[in-house]
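Architecture and fold: a report
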Amino acid sequence: DVLDDTALEPEKCIKVENITCPVLFVAGEDDQNWKSAKMAREAIGRMQSHGKTNYDLLTYPGTGHILEPPYMPHTKLGYHPVARAVVDFGGETTAHCAAQEDLWPRMIQFLRKCRRHSQL
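Residues numbered from 1 in each chain as written. Predicted model: local features only at pLDDT ≥ 70, side-chain atom pairs only at ≥ 80, totals over all residues. Heavy atoms only, no water.

Our focus in this paragraph is the overall build of the protein chain. Helix and strand counts for the protein chain stand at two helices and four strands. Listed by position from the N terminus, the elements making up the protein chain come as β-α-β-β-β-α. In terms of overall dimensions, the protein chain has C-alpha extents of about 40 × 35 × 25 Å along its principal axes. Restricting to contacts in the protein chain with at least 6 residues of sequence separation, those with at least 24 account for 72%. Summed over its atoms, the accessible surface of the protein chain is roughly 8000 Å², and 58% of this surface lies on carbon and sulfur atoms. One finds the centroid of the 14 positive side-chain charges in the protein chain at a distance of 9 Å from the centroid of its 16 negative side-chain charges. (Helix = DSSP H or I, 4+ residues; strand = E, 2+ residues; numbered from the N terminus. Contact = heavy atoms within 4.5 Å. Areas by Shrake-Rupley, 256 points an atom, 1.4 Å probe, with all protein chains shown as cover. Lys, Arg positive; Asp, Glu negative; His and termini not counted. Charge placed at Lys NZ, Arg CZ, Asp CG, Glu CD.)

Time to look at the environment of serine 49. Here serine 49 lies in helix α1 (residues 36–49). Linking serine 49 and arginine 84, residues 35 residues apart in sequence, is a C-alpha distance of 38 Å.

Another point: the environment of threonine 63. Inspection of the secondary structure puts threonine 63 in the loop between β2 (55–60) and β3 (77–80). As a C-alpha pair, threonine 63 and alanine 98 span 35 residues in sequence and 9.1 Å in three-dimensional space. Setting aside chain neighbours within four positions, we find threonine 63 in contact with Ala27, Gly28, Glu29, Asp30, Asp31, Gly91, Ala95, His96 and Ala99.

What follows covers the side chain of histidine 96. In this structure, histidine 96 sits in helix α2 (residues 93–118). Assessed through its relative accessible area of 1%, histidine 96 is described here as buried. Once residues within four sequence positions are removed from consideration, histidine 96 is found in contact with Gly62, Thr63, Gly64, Ile66, Leu67, Glu68 and His74. (Buried < 20%, exposed > 50% of the residue type's maximum accessible area, 1.4 Å probe, protein only.)

Our focus in this paragraph is the pattern of salt bridges. The final tally for this structure, using the stated rule, is six salt bridges. Of the charged contacts in the structure, one is a salt bridge between lysine 113 and aspartate 56, with a shortest N-O distance of 3.5 Å. Highlighted residues: lysine 113 in helix α2 and aspartate 56 in strand β2, separated in sequence by 57 residues. Given a relative accessible area of 41%, lysine 113 falls into the partly exposed group. Between arginine 106 and aspartate 102 there is a salt bridge, with its nearest N and O atoms 2.9 Å apart. In this pair, arginine 106 and aspartate 102 are both assigned in helix α2, four residues apart and thus about one turn of the helix distant. By relative accessible area, which is 30% here, aspartate 102 ends up partly exposed. (Salt bridge = Lys/Arg side-chain N within 4 Å of Asp/Glu carboxyl O.)

In terms of nonpolar packing, the biggest core is built from eight residues, these being Val16, Val23, Phe25, Ala40, Ala43, Ile44, Met47 and Tyr55. Looking at this core, the elements that each hand over two or more residues are β1 (23–28) and α1. Among the elements that line this core, the one with the most residues is α1, at four residues. In this view, isoleucine 44 contacts Phe25, Tyr55 and Leu57; residues no more than four positions away in its chain are not counted. Judged by nonpolar contacts, the second largest core, of five residues, contains Tyr60, Leu67, Ala99 and Leu103. (Core = buried A, V, L, I, M, F, W, Y, C linked by side-chain atoms within 4.5 Å.)

Here you go:
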């Protein structure tokens, strides 16, 4: 089952409003483990309500829970050691692979920007 409502247990939410470094949220819109795009938007809302602007959001339609580096095979189903079961990670292969290719250089660019920022 997809976890859908973090509002039920706010004490378990990451305190993003306290984060001072840049944050890159990446979410697959067909994530079958978490409603990651929704949760990312909620986290950004909390950051905004505290005057934070140190975030970027990338969402990818048709992508599942795990966005691996480019050219890694998309695996919709996989064994999850915590759940001790085979789980559906979601995603459609073509969209997922396109997202891998798009995300990788963006993530590298984000990390380089953070590195330059930290050296100031």
